[in-house]
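Coordinate inspection notes
Read off the chains here:
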Amino acid sequence: LGGFVQDEWTLSEGLRVVLGGRIDKSSELDDVIVSPRIGLWASHAPSLVLRANYSTGYRAPTPAQLNTRVVSQGLDTRTLQVFNQGRLAPSDPLAIALGAKPLRPETSRNATVGLAVQTQVGFTATVDLYQIDVDDRFSQSRTFAVPASFANPQRFTAVSFFTNDFDTRTRGID
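Rules behind the numbers
- Residues numbered from 1 in each chain as written.
- Predicted model: local features only at pLDDT ≥ 70, side-chain atom pairs only at ≥ 80, totals over all residues.
- Heavy atoms only, no water.
- Core = buried A, V, L, I, M, F, W, Y, C linked by side-chain atoms within 4.5 Å.
- Buried < 20%, exposed > 50% of the residue type's maximum accessible area, 1.4 Å probe, protein only.
- Helix = DSSP H or I, 4+ residues; strand = E, 2+ residues; numbered from the N terminus.
- Contact = heavy atoms within 4.5 Å.
- Pairing = 2+ DSSP bridges.

Proteins that are soluble and globular tend to have nonpolar side chains buried together. Core analysis: the largest hydrophobic core is formed by 10 residues, namely Leu88, Leu94, Ala95, Leu98, Ala100, Phe144, Val146, Phe156, Val159 and Phe161. For this core, the elements supplying multiple residues, two or more each, are α2 (93-97) and β10 (156-173). It is β10 that contributes the most residues to this core, 3 residues altogether. When sequence neighbours within four positions are dropped, the list of residues in contact with Val146 reads Leu94, Leu98, Asn152, Phe156, Thr157, Ala158 and Val159.

Before going further, it helps to spend a moment on the pairing of strand β8 (residues 124-140). Here strand β7 (residues 106-118) pairs with β8 via 12 bridges, running antiparallel. Bridge pairing links Gln118 to Thr124 in β8. Between β7 and β8, which pair antiparallel one after the other, the connecting turn spans 5 residues, and Gly122 there sits at a positive phi close to 95 degrees. Where β8 and β10 come together, 10 bridges link them in antiparallel fashion. Counted as the bridge partner of Gln140 is Phe162 from β10.

Nothing here speaks to function; it is geometry throughout.
Below, the structure is given as structure tokens:
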């Protein structure tokens, strides 16, 4: 469930501001997520525009990331025992015993600054600098060997699970 509002105001000739925000309540998360946005547009001549934007966002874990259970079986040729390897849900007791934590949403911060120029003959050129920071990116954990001392009725020998593993920063010019 979510909602989005945005409006634009002209502060003076050649200066506009955009304010907006999104509010979301995901069935996969306990918290309400608020994602604000602000934009600025400035022009001292009709053919030259400077623009800047800042916003935040999020991505909730998918049901598959929260509830996945993928198991493959093998046969130990020395003991002739069947064993299991797999990817478990982060809420699985065995995954928790190996360090799994509840998944948090990925969060992002986005900033852009740009310039647009239009010539009298109709040629338009734009350039934008941007930076996108994403925290708590989803990833599959490394594969953990299951210690013999763990409660393990399904005889897993190795498991992995989804986790909030790393942060990224992307910068560029368009």
